[in-house]
Amino acid sequence: MFKKKIIPINTIGAAMLVDAIRDTPGASRRAFLQRSLTLGGLTLLTGCSLNDAGSIEAALASVSRFNDKAQGLLFDPSQLAPTYPESMITRPFPFNAYYGIDEVREIDGDTWRLELSGLVADRKPWTLARLRAMPQTDQVTRHICVEGWSAIGKWGGVPFSTFLRQVGADLSAKYVGFKCADDYYTSIDMSTALHPQTLMALTYDGKELPSRYGYPMKLRMPTKLGYKNPKHIQAIFVTNTYPGGYWEDQGYNWFGGS
Ligand SMILES: Nc1nc2c(c(=O)[nH]1)N[C@H]1C(S)=C(S)[C@@H](COP(=O)(O)O)O[C@H]1N2
Ligand SMILES: [Mo]
């Protein structure tokens, strides 16, 4: 007799599937759910009874938060993302933001100050000159955007772990949050903040970071998806309270590992 083959999906796989469904807009999400994952399946996955749109949203959100925890546990702080030769840099490197390139913020680097708050001992604001005086490093890595493109670029700047230690950040705190000059915001887990390839980028391709790529400073993490890499950073805070993010609050997975 023909036996139906059951493909076991592990919980992380299931959680990622649910994230993918969550990120799919209304109508196609419903179609996908009808074809592939029954509400009963989601109920089993989450252990909640789901009978209205609100509780389905809540269940998807809770699986997404579970996914964050799983990714956090799987994240190896000593595992490096691939690096590439300079000959592989994508030219021109793509621009992306929640607005068009004609609306890119022009920031005055002379009056710009990086504000610090939360679980940080020395909250004195930083000038660009002071950041530039810190030891710099650069790396050629791949940026992956959930919108379906990836590109290799070269960023240079201050290792974020050096900066966090310098300002006396509480390195046992859970989150580091970022507020940007264009109203974008995001937050990351402390292990990624301390990862050796996480840079406060001040340059792109050997030159001062251009406006479109986040002047005067962006956080560059080759271990995270594009939307986790905030440009035009104005304020950094260290906290144990979940800060969310611009896309994360609209359903993108918070951990956002690449
Ligand atoms: N301040 C700010 N940072 C941001 C964004 C944004 O809209 N504003 N978009 C994010 C997204 S979705 C991507 S893919 C990258 C794009 O960076 P790039 O312009 O250097 O390619 O920036 C991320 N950081
Ligand atoms: Mo993106």
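As the structure is a computational prediction, the values presented were derived from the model and not from experiment.

1. So, the site of ligand 1
Lining the immediate environment of ligand 1, one finds 20 residues, of which Pro94, Asn96, Asp182, Asn229 and Lys231 sit closest. In the environment of ligand 1, a nitrogen atom lies 2.8 Å from a nitrogen or oxygen atom belonging to the backbone of Asn229. Within the complex, 99% of the 530 Å² of free accessible area of ligand 1 lies under protein. A breakdown of the residues in the shell around ligand 1 according to their chemical character gives 12 nonpolar, 4 polar and 4 charged.

2. Here's the deal with the pattern of salt bridges
Applying the stated criterion to the full structure yields 6 salt bridges. The salt bridge involving Asp68 is made with Arg65; its shortest N-O contact spans 2.5 Å. On the criterion of helical spacing, the pair formed by Asp68 and Arg65 is a turn pair, its members being 3 residues apart in helix 4 (residues 53-74). Assessed through its relative accessible area of 5%, Asp68 is described here as buried.

3. Here we look at the packing of aromatic side chains
The tally for this structure, following the rule as stated, stands at 21 aromatic pairs. Taking 5.5 Å as the distance between ring centres and 50° as the angle between the ring planes, the aromatic pair formed by Phe93 and Tyr204 counts as tilted. Of this pair, Phe93 sits in the loop between helix 4 and strand 1 (115-118) while Tyr204 sits in strand 6 (residues 199-204), and the two are 111 residues apart along the sequence. Owing to a relative accessible area of 9%, Phe93 belongs among the buried residues under this scheme. Relative to Trp254, the ring of Tyr242 lies with its centre 5.8 Å away and its plane at 70°, an arrangement referred to as edge-to-face. Of this pair, Tyr242 sits in the segment after strand 9 (233-239) while Trp254 sits in the segment after strand 9, and the two are 12 residues apart along the sequence. The ring of Trp126 carries Arg130 above its face, with NZ or CZ at 3.7 Å from the centroid. Here the guanidinium or amino end of Lys224 rests over the ring plane of Phe255, the centre of that ring lying 3.5 Å away.

Conventions we followed
- Residues numbered from 1 in each chain as written.
- Chains lettered and ligands numbered in written order.
- Predicted model: local features only at pLDDT ≥ 70, side-chain atom pairs only at ≥ 80, totals over all residues.
- Heavy atoms only, no water.
- Near = heavy atom within 4 Å.
- Polar contact = N/O pair within 3.5 Å; in protein donor to acceptor, adjacent residues only side chain to side chain.
- Areas by Shrake-Rupley, 256 points an atom, 1.4 Å probe, with all protein chains shown as cover.
- Nonpolar A, V, L, I, M, F, W, Y, C, P; charged D, E, K, R; others polar.
- Salt bridge = Lys/Arg side-chain N within 4 Å of Asp/Glu carboxyl O.
- Helix = DSSP H or I, 4+ residues; strand = E, 2+ residues; numbered from the N terminus.
- Buried < 20%, exposed > 50% of the residue type's maximum accessible area, 1.4 Å probe, protein only.
- Phe/Tyr/Trp six-rings, centres within 6.5 Å; stacked < 30°, edge-to-face > 60°.
- Lys NZ or Arg CZ within 6 Å of the ring centre and 35° of its normal.

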